[in-house]
Amino acid sequence: MHPMLNTAIKAARRAATVINRASFDIDRITVSEKQHNDFVTDVDQAAEQAIVETLLKAYPDHAILAEESGASANLNDESENVWIIDPIDGTTNFLHGYPNYCISIALQQRGVITNALVYDPVRNDLFTATKGAGAYLNDKRIRVRNHDRIGKALLSAGHGPDPRALAEYLRMYETVASRCHGVRSAGSAALELANVAAGRIDGFFEKGLKVWDIAAGALLVTEAGGIVGEFSGESDYLHKGDIIAAGPKVFGAMVPLLAAFK
């Protein structure tokens with residue numbers, strides 16, 4: 001395993017200790033609303049601090065881009081190594097005691113995501129990938145499912161906190177759900193991308209995501225043999241934040257269905 005990925009795993013397990021301890025007494029968590037239906041807790045912040053401290057202890061010159069604390073002072077267009085961090089992807093789930101959230105950490109080197117992990121602290125599922133070396137779940141190689149048509153597929157999707165995003169999601173849902181086995185909405189984009197990589201679901205789509213929501217999960221999918229792209233099918237999903245991820249044939253079927261929403 002890549003040594004930088006090993007460090008990221010250590011950081012994720014430290015953060016998981018913070019998260020798991022807090023999950024036993026959710027009523028004591030301090031909650032702030034960043035915008036309508038978009039929350040941050042003191043647990044998000046403490047978990048992120050644990051991750052950042054672990055990474056910078058090992059690699060003090062690396063830059064950081066994290067959901068809660070933002071960009072480190074040394075982050076710029078010339079940064080060679082950038083850690084992209086979401087300490088709890090699925091904070092709303094966590095706040096309600098709904099066991100579907102995760103830690104997401106990705107390493108971007110010279111503009112390319114090269115290492116990634118998604119860690120589910122509830123199930124103790126550790127998804128990892130290094131570019132060119134495949135994707136793994138708890139050290140076992142994983143592959144996307146590649147159904148020959150979308151009619152056999154179980155898909156997942158999500159929407160942002162803005163009411164307009166919900167309205168658009170409902171139109172997308174209607175377009176897609178009538179053509180597949182079903183569409184689920186579980187509340188954690190990073191974890192759903194990991195589930196696509198593991199073949200637990202056949203595809204995922206969502207609009208308006210941030211880079212820390214998708215950087216790690218996208219590498220998991222591509223290293224597991226899947227395809228990730230924008231709603232147009234193009235590859236600039238990290239910056240645009242609109243994403244489709246699936247096995248090749250299901251991806252090919254999803255793009256024309258969702259292209260109208262790009």
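As the structure is a prediction and not an experimental result, all values here were calculated from the model.

### Points about the packing of helix α5 (residues 189–197) against helix α6 (residues 211–223)
In step 1: For the pair α5 and α6, interaxial distance at closest approach is 8 Å and the crossing angle is 0°. Classed by the angle they form, the pair α5 and α6 counts as roughly parallel. Residue-level contacts link A189, A190, L193, A194, V196 and A197 of α5 to D213, I214, G217, A218, L220 and V221 of α6.
In step 2: For the contact of α5 with α6, the class distribution of residues is ten nonpolar, one polar and one charged.

### Section: the domain arrangement of the chain
In step 1: Per the domain assignment, the segments of the chain are domain 1 (3–141) and domain 2 (150–259).
In step 2: Measuring from the centre of the C-alpha atoms in domain 1 to the corresponding centre in domain 2 gives 21 Å.
In step 3: Counting residues at the interface gives 40 residues for domain 1 and 24 residues for domain 2.
In step 4: For the pair domain 1 and domain 2, the summed buried area comes to about 2200 Å², and 66% of that belongs to carbon and sulfur atoms.
In step 5: With a shortest N-O distance of 3.0 Å, R200 and D125 are connected by a salt bridge.
In step 6: For the pair domain 1 and domain 2, the number of links is nine residue pairs in polar contact (both at pLDDT 80 or more).
In step 7: For the side of domain 1 that touches domain 2, the secondary-structure elements that each account for two or more residues are β3 (63–66), β5 (81–89), β6 (102–109), β7 (112–120), β8 (125–130) and β9 (135–137).

### So, the sheet that holds strand β15 (residues 243–246)
In step 1: Within the open sheet, the five strands sit side by side as β12-β11-β13-β15-β14. Their pairing is mixed. Of all the strands in the sheet, just β12 (182–184) and β14 (227–229) have a single pairing partner and so form its edges. Averaged over all adjacent pairs, the angle separating strand axes in this sheet is 15°, with direction ignored.
In step 2: Both strand β11 (residues 154–157) and strand β13 (residues 203–206) contribute to a ladder of three bridges, which runs parallel. Its bridge partner being in β13, L155 is matched across the sheet by G203.
In step 3: Strands in contact with α5 are β11, β13 and β15; relative to β13, the strand with the most contacts, it is inclined by about 155°.
In step 4: On top of the sheet, helix α8 (residues 248–258) reaches β11, β13, β14 and β15; it is set at about 155° to β15, its chief contact.

About the criteria used
- Residues numbered from 1 in each chain as written.
- Predicted model: local features only at pLDDT ≥ 70, side-chain atom pairs only at ≥ 80, totals over all residues.
- Heavy atoms only, no water.
- Axes fitted to C-alpha atoms, helices over the stretch in contact; angles between N-to-C directions.
- Helix = DSSP H or I, 4+ residues; strand = E, 2+ residues; numbered from the N terminus.
- Parallel < 35°, antiparallel > 145°, perpendicular 65-115°, else oblique.
- Contact = heavy atoms within 4.5 Å.
- Nonpolar A, V, L, I, M, F, W, Y, C, P; charged D, E, K, R; others polar.
- Domains from an automatic or database assignment.
- Buried area = accessible area lost by both parts, 1.4 Å probe.
- Salt bridge = Lys/Arg side-chain N within 4 Å of Asp/Glu carboxyl O.
- Polar contact = N/O pair within 3.5 Å; in protein donor to acceptor, adjacent residues only side chain to side chain.
- Pairing = 2+ DSSP bridges.

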